[in-house]
Amino acid sequence: MKTILLIRHAKSDQSFFGNDFERPLNERGKNDVPIMAQRLLDKKINIDLFVASPAKRAKKTAELFCSNLNIKPEDICFVSKLYHASPETLHEVIFELEDNHNTVAIVTHNPGITYFVNEISGSSIISNMPTCGIFTANVHCDKWTDFTKAKKEFLFYDYPKNV
């Protein structure tokens, strides 16, 4: 059994007018991550690996999650193709995961994460994955290369404003 957590990066600074890749988190984004990390701790989710887009806002989101979950931030695996990844690219990233990692969190961007979540859930349950939102599913497989064919079992969906 594998578990996948799909996390949209936290709220970014929309007033930033530089290169989109360099867009930082805003204060709300920085404040939302510890809240969501605590919710993962409350659910007793133990993440083996964080995989993230190297874009500044996704990178910082992953680093803040790790800091709050007592995971070494230097263990984050940054994957360039996660920057504005399509569902097909998310499948590729998952296929490339090492099988010794059973619970993996992927931090990426919209719209790809919303499309992917709805694809693997089997129905369009989320019209727009909110910033710092987390969709989690158990995947009935032993190898990540079997992800596409494997049965997925919805565990939870949560986001900062879900109180």
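Residues numbered from 1 in each chain as written. Predicted model: local features only at pLDDT ≥ 70, side-chain atom pairs only at ≥ 80, totals over all residues. Heavy atoms only, no water.

## Details of the side chain of serine 53
Tracing the chain through its elements places serine 53 in the loop between strand 2 (49–52) and helix 2 (56–68). Classification of serine 53 by relative accessible area gives buried; the value is 0%. Side-chain polar atoms of serine 53 contact the side chain of histidine 109, separated by 2.8 Å. (Helix = DSSP H or I, 4+ residues; strand = E, 2+ residues; numbered from the N terminus. Buried < 20%, exposed > 50% of the residue type's maximum accessible area, 1.4 Å probe, protein only. Polar contact = N/O pair within 3.5 Å; in protein donor to acceptor, adjacent residues only side chain to side chain.)

## Focus on the pattern of salt bridges
Close approach of charged atoms allows side chains of opposite charge to pair. One pass over the full model with this rule turns up nine salt bridges. For arginine 57, the salt bridge is made with aspartate 20, and the minimal N-O distance between the two is 3.1 Å. Of this pair, arginine 57 sits in helix 2 while aspartate 20 sits in the loop between strand 1 (2–8) and helix 1 (27–42), and the two are 37 residues apart along the sequence. Using a relative accessible area of 4% as the deciding quantity, one classes arginine 57 as buried. For aspartate 20, a relative accessible area of 25% puts it in the partly exposed group. Ionic pairing is found between aspartate 32 and arginine 28, a salt bridge with its closest N-O pair at 3.5 Å. Of this pair, aspartate 32 and arginine 28 both sit in helix 1, four residues apart, which is roughly one turn of that helix. (Salt bridge = Lys/Arg side-chain N within 4 Å of Asp/Glu carboxyl O.)

Keep in mind these values describe shape, not function.
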